[in-house]
Amino acid sequence: MSIKNIEKIITPGTPRFVGDGFRVHHFIPGTVSMQRMDPFLVMDYNSKYHFSPSEIPRGVGVHPHKGFETVTIAYKGRIEHGDSTGAGGVIDEGDVQWMTAAGGVLHKEFHEREWSKKGGEFQMVQLWVNLPAKHKQDEPRYQLLQNKNMARVALPDNNGEVEIIAGEYQGKKGSANTFSPIHLYNVKLKKGGGIKLDFPAEYATAILLIEGSVKVNNKEIVPQDHFALLKKEGENFSLEAIEDATVLVLGGAPLHEPIAAHGPFVMNTRAELIQAFDDFNNGKFGYLED
Ligand code: MN
């Protein structure tokens, strides 16, 4: 076993709006490609941002997805979702929504109505996780992972805890069902507290500083709202909190399959992409009211 070091630390770039409700930094793709982050296709990060009160909830209206999963993690604020399978609900602070678009789904994502009326600080992450080719045509699925039910491991000496969204940590499993090996944690560290992690060398591995800052492998400092990509060499890395910190840790086994991505569709070939657009235009993704 050897040390997994940082490949690069990425400063959050100029944010862009997705609809009118999500002010995000695009970490993947862009500064880090989909191929490099396989099986993670997209990471949009809405760093803390204050939304003024609005009677009409801000967000993104009806749109399709096919061939992958969207994972939405709410840190501040509340998000309401509905899709063409009839699934939906509210993700509150600390909750996670794991939506498997697979064969095709229409959905909409808005600030929750009552939260929107008051406005406030909003902070969230949306990840897109690719599906293996053999699952891209599966029936859509919806998992709501409520914070109160999340698997947790307390760190020694009262130094914090690990919230396991997916995968496992020290033998404890997260509640999300995934189609390929993925670890996704919120690591909460108290100032001076630390954690040692190990993922297989070939896993796409990265951290995002949601709150506070950490030192990685006792070397580099990763500040708040920064994304650090780790190398595909070595297995072990450590985080030490310079101040109280919340770190989103992601690690995933690459699928090693061709990626044909355009807009909200991610397939394996261009022909499949064209088919996805045809299916969508012919109403095969169902119906969802605006
Ligand atoms: Mn969406």
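First things first, this report covers the structure right here in the doc.

Rules used in this analysis
Residues numbered from 1 in each chain as written. Predicted model: local features only at pLDDT ≥ 70, side-chain atom pairs only at ≥ 80, totals over all residues. Heavy atoms only, no water. Donors = N, O, S within 2.8 Å, 3.2 Å for Na, K, Ca; no water. Helix = DSSP H or I, 4+ residues; strand = E, 2+ residues; numbered from the N terminus. Buried < 20%, exposed > 50% of the residue type's maximum accessible area, 1.4 Å probe, protein only. Pairing = 2+ DSSP bridges. Axes fitted to C-alpha atoms, helices over the stretch in contact; angles between N-to-C directions. Salt bridge = Lys/Arg side-chain N within 4 Å of Asp/Glu carboxyl O.

**Notes on the coordination of the manganese ion**
Protein coordination at the manganese ion: the donors are H63 (NE2), H65 (NE2), H107 (NE2) and E109 (OE), at 2.1 to 2.3 Å from the metal. As a motif over one chain, the donors of the manganese ion read H-x1-H-x41-H-x1-E. Here the residue H63 occupies a position in strand β5 (residues 59-65), and E109 occupies one in strand β10 (residues 105-111), the gap between them amounting to 46 residues. Judged by its relative accessible area of 16%, H63 is buried.

**Quick look at the environment of W98**
Positionally, W98 belongs in strand β9 (residues 96-100). In the structure, W98 is positioned 45 residues away from Q143 in sequence and 4.9 Å away in space, judged by C-alpha atoms.

**A look at the sheet that holds strand β23 (residues 236-241)**
Read from one edge of the open sheet, 4 strands run β18-β23-β20-β21, paired in antiparallel fashion. Here the strands that pair on one side only, and so sit at the sheet edges, are β18 (194-198) and β21 (220-222). Direction aside, neighbouring strands of the sheet carry axes that sit 30° apart on average. The sheet contact formed by strand β20 (residues 214-216) and β21 spans 3 bridges and is antiparallel. Each bridged residue has a counterpart across the sheet, and for V216 the counterpart in β21 is E220.

**A few points about the sheet that holds β5**
Ordered in space as β5-β10-β7-β8, the 4 strands form an open sheet in which the pairing is antiparallel. Every interior strand has two partners, whereas the edge strands, β5 and β8 (88-91), have only one. Averaged over all pairs of adjacent strands, the angle between their axes in this sheet comes to 15°, without regard to strand direction. As paired elements, strand β7 (residues 79-83) and β10 share 5 bridges and run antiparallel to each other. Paired with D83 across the two strands is H107, which belongs to β10.

**Looking at the pairing of strand β17 (residues 182-189)**
Judged by how many residues are buried, β17 sits mostly within the fold: 7 of 8 residues are covered. Relative to β17, strand β14 (residues 160-166) runs antiparallel, the two being bridged by 6 bridges. In the sheet register, A166 faces β17, and the bridge partner there is L184. Taken together, the 8 bridges between β17 and strand β24 (residues 245-252) define a ladder with antiparallel strand orientation. Residue pairing in the sheet places N186 in a bridge with L248 of β24.

**Observations concerning the pattern of salt bridges**
Throughout the structure, instances matching the rule amount to 8 salt bridges. A salt bridge links R78 to E112, with the nearest nitrogen and oxygen atoms 2.8 Å apart. Taken as a pair, R78 in the loop between β6 (68-76) and β7 and E112 in the loop between β10 and α2 (113-118) lie far apart in primary sequence, 34 residues in all. Across the salt bridge formed by D279 and K284, the nearest N and O atoms sit 3.9 Å from each other. A residue is classified by how much of its surface remains accessible, and D279, at 14% relative accessible area, is buried. Linked by salt bridges that have partners in common, R152, E161, E163 and K188 make up one network.

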